[in-house]
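Each chain is listed here by its residues.
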Amino acid sequence: MIYDVIVVGGGLAGMRAAIAAHDAGYKVGLVSKIHPVRSHSGAAQGGINAALANHPDAGDDTPDRHAYDTVKGSDFLADQDAVELMTATAPEIIIEMEHWGCPFSRYPNGKIAQRPFGGAGYPRTCYGADRTGLYLLHTCYEQVVKRNIEVLYERFVIRLAYRDKRVAGVVFLNMHSGEFETLAANAVIFATGGSGRVYSLNTTNAHASTGLGVAIPYWAGVPLKDMEFIQFHPTGLEGSSILMTEGCRGEGGYLLNNRGERFMKNYVSEKIMELAPRDITARSIRTEINEGRGFEDRYVHLDLRHLGEKKINERLPGIREICMKFKNIDPVFQPIPIYPAMHYTMGGIDCDGVGETEMEGLFAAGECACVSVHGANRLGGNSLLETIVFGKIVGDHVARKIKDKSRTADNEALATALTAEKDRFQRLLASEGKENPYDIKNELSKLMFDDFGIFRNEADMKKGVGEILALKERFGKIRKISDTGKFNFDYLWVTEIAGNLDTALAIATGALNRMESRGAHYRLDAPKRMDDRWMKHTLHRYHETNPEISYKPVRFTKFQPEERKY
């Protein structure tokens, strides 16, 4: 099959990009390994940022103030032109979603409700109770259906087809038939989401969010950027790591240690308390636990009891339901046990403000992309915003780029890629190795949390890099894939583990090389930010052993670096 545009990934960024390209008159194929409404965008709870100034305390909030908060939150590593574009576009995106039918929560006067979020100078997070991502996801899917955009779901993209640094299409496994197939296009947009399952033993991310989405372009020669910056959400539900939205604290929830203290006063000003940025809050919680002020040396409490049942049912019904179903506690009457859990990948496929990568015809949007609007630390409420803003921007830009191009397929490049993937499949079927790939997956997850977690140091990271390389060597000797039937999920999962390994190595080598602390990358042996040496983006280029590391400058406009205080 041939399209003008192929979009890989059916979450918010992918669907918004598909809508934009379709509305420009192009034939679009939206390809996803799961149905679009199952995408991880739907797990986002707390809200989406825009300087609407609807909140009674919003004062004179503006897109410029939103941009400043975002740049400061990023520890000044975000590219400021991209940030300003995102925050300036935010209000019109919210209005668009409203006009498309998104059921935002409202004030009595009918305006869209907004709540405070961490690191924001004004309450600018628009929300739909605590199911904002789900509401936005279904809103966009309705528009996809309305337009009759072709959705190829349960098609598992495995490989890029390309020639001479020009994309030709993708190779995928059709999960309905068990057959390998190809799709051709003039442009391919990757919108595959984050890589959280690299840390699979402690992450808020869905099982679909693996490192494969960024690894596929990486293996094809497209660099990744800033992969060392991994966000740990302060409040994952103890035991399962299910997200407890920042909206809990935005609505007035407290963080308490085993002494009953609101301990955030010891780390930030009492004016900020629980609404510090996520990197600072996560480190504070982990410090309380490490120093013996947690419960059972594992967690602290998120206390909503003082909010009352009426407010919890109105603003945080999903949180109450999750706590009751997964922990058998009712937050109306009991505090919630929480700990930090890996949540977001600030880095991703290196691209510019319109999604272009180094490979002609290949674009990226959403969490798998690194524009960069989040720098070293993302502010809550900016991820949903990024997906829709840059989904639209990239879709519009692609439409302009392919204008007047005929819909033709590079059949030679597609055939070469298809043959290469079939050959890899046969090698896995015939493998004589003994290693269990799922042991490798679990060992990788544990070492990433232990050695590349909230607190890092040179000794642990050097050990961790060596262990990842050893796991890669073992992965080359795995046992043959056990499921040789029509629906070969063993093959798919093994492929995702391959992606996790190389994505993990990019994270690890970037972290080891960066001899400073900035945002979510915090080194106990180098606790200061060092702008003179490290105000730059990391680029990772794939090699079978260690990635090739280089750097590129951060783009500044009006916000000069300053000490980051809250």
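Cut-offs and rules
- Residues numbered from 1 in each chain as written.
- Predicted model: local features only at pLDDT ≥ 70, side-chain atom pairs only at ≥ 80, totals over all residues.
- Heavy atoms only, no water.
- Helix = DSSP H or I, 4+ residues; strand = E, 2+ residues; numbered from the N terminus.
- Rg over C-alpha atoms; globule rule 2.2 N^0.38 Å.
- Buried < 20%, exposed > 50% of the residue type's maximum accessible area, 1.4 Å probe, protein only.
- Polar contact = N/O pair within 3.5 Å; in protein donor to acceptor, adjacent residues only side chain to side chain.
- Pairing = 2+ DSSP bridges.
- Contact = heavy atoms within 4.5 Å.
- Axes fitted to C-alpha atoms, helices over the stretch in contact; angles between N-to-C directions.
- Salt bridge = Lys/Arg side-chain N within 4 Å of Asp/Glu carboxyl O.
- Domains from an automatic or database assignment.
- Buried area = accessible area lost by both parts, 1.4 Å probe.
- Nonpolar A, V, L, I, M, F, W, Y, C, P; charged D, E, K, R; others polar.
- Phe/Tyr/Trp six-rings, centres within 6.5 Å; stacked < 30°, edge-to-face > 60°.
- Lys NZ or Arg CZ within 6 Å of the ring centre and 35° of its normal.

## Quick word on the overall build of the protein chain
Now for step 1: Regarding its fold elements, the protein chain presents 15 helices and 19 strands.
Now for step 2: What you see for the protein chain is a C-alpha radius of gyration of 23 Å, in line with the 24 Å of a compact globule of 566 residues.
Now for step 3: Dimensions of the protein chain, computed from the C-alpha atoms along their principal axes, are close to 65 × 50 × 50 Å.
Now for step 4: A buried classification covers 62% of the 566 residues belonging to the protein chain.

## A closer look at the side chain of Glu246
Now for step 1: Inspection of the secondary structure puts Glu246 in the loop between β11 (230-237) and α6 (247-250).
Now for step 2: Here the side chain of Glu246 touches Gly118 through a polar contact of 2.5 Å, landing on its backbone nitrogen.

## Focus on the sheet that holds strand β19 (residues 548-553)
Now for step 1: Strand order in the open sheet formed by five strands is β17-β15-β10-β18-β19, with mixed pairing between adjacent strands. In the strand order of this sheet, the two ends are held by β17 (369-370) and β19, each with one partner.
Now for step 2: Relative to β17, strand β15 (residues 348-350) runs parallel, the two being bridged by two bridges. By the bridge assignment for β17, Asp350 is matched with Cys370.
Now for step 3: Of the strands in this sheet, β10 (224-225), β15 and β18 (536-541) touch helix α5 (residues 212-219), which is tilted by about 30° from β15.

## Here's the deal with the pattern of salt bridges
Now for step 1: Overall, the coordinates contain 59 salt bridges when judged by the stated rule.
Now for step 2: Linking Arg564 and Asp75 is a salt bridge whose minimum nitrogen-to-oxygen distance equals 3.9 Å. A residue pair is termed long-range when its members are at least 10 positions apart, and Arg564 in the segment after β19 and Asp75 in the loop between α2 (63-73) and α3 (80-99) qualify at 489 residues.
Now for step 3: Under the relative-accessibility criterion, Arg564 is labelled buried at 15%.
Now for step 4: Classification of Asp75 by relative accessible area gives buried; the value is 7%.
Now for step 5: Arg298 is paired through a salt bridge with Glu238; the nearest N and O atoms lie 2.9 Å apart. Pair noted here: Arg298 is in the loop between α7 (278-290) and β13 (300-303) and Glu238 is in the loop between β11 and α6, with a separation of 60 residues, a long-range link.

## Concerning the domain arrangement of the protein chain
Now for step 1: Domain boundaries assigned for the protein chain yield domain 1 (236-340) and domain 2 (412-528).
Now for step 2: Domain 1 and domain 2 are separated by 32 Å when their C-alpha centres are compared.
Now for step 3: In this complex, domain 1 contributes seven residues to the contact, which on the side of domain 2 involves six residues.
Now for step 4: Taken together, the two surfaces of domain 1 and domain 2 that pack against each other cover about 510 Å², and 73% of this comes from carbon and sulfur.
Now for step 5: Three residues stand out in domain 1 for area buried against domain 2, namely Asp279, Arg283 and Arg286, and they jointly supply 74% of the buried area on that side.
Now for step 6: For the interface between domain 1 and domain 2, the tally reads zero salt bridges.
Now for step 7: There are one residue pair in polar contact (both at pLDDT 80 or more) connecting domain 1 and domain 2.
Now for step 8: The element that contributes the greatest number of residues to the side of domain 1 that touches domain 2 is α7, accounting for six residues.
Now for step 9: Of the residues in the side of domain 1 that touches domain 2, the class split is two nonpolar, two polar and three charged.

## Digging into the packing of aromatic side chains
Now for step 1: Considering all chains together, one arrives at twelve aromatic pairs under this definition.
Now for step 2: Centroid distance Phe425 to Tyr491: 4.9 Å. Interplanar angle 75°. Geometry classified as edge-to-face. In this pair, Phe425 sits in helix α11 (residues 411-430) while Tyr491 sits in helix α14 (residues 489-513), placing the two residues 66 residues apart along the sequence.
Now for step 3: A relative accessible area of 0% places Tyr491 in the buried class.
Now for step 4: On the numbers, 5.5 Å between centres and 75° between planes, the contact of Trp534 with Tyr551 is edge-to-face. Remark: Tyr551 occurs in strand β19 and Trp534 occurs in helix α15 (residues 531-534); sequence separation between them is 17 residues.
Now for step 5: Overall, the relative accessible area of 29% leaves Tyr551 in the partly exposed class.
Now for step 6: Three or more aromatic residues joined by ring pairs make a cluster, and in this case those are Phe180, Phe425 and Tyr491.
Now for step 7: The ring of Tyr344 carries the charged tip of Arg378 above its face, separated from the ring centre by 4.2 Å.
Now for step 8: Across the ring face of Trp534, the terminal group of Lys536 is positioned such that the distance to the ring centre comes to 4.9 Å.

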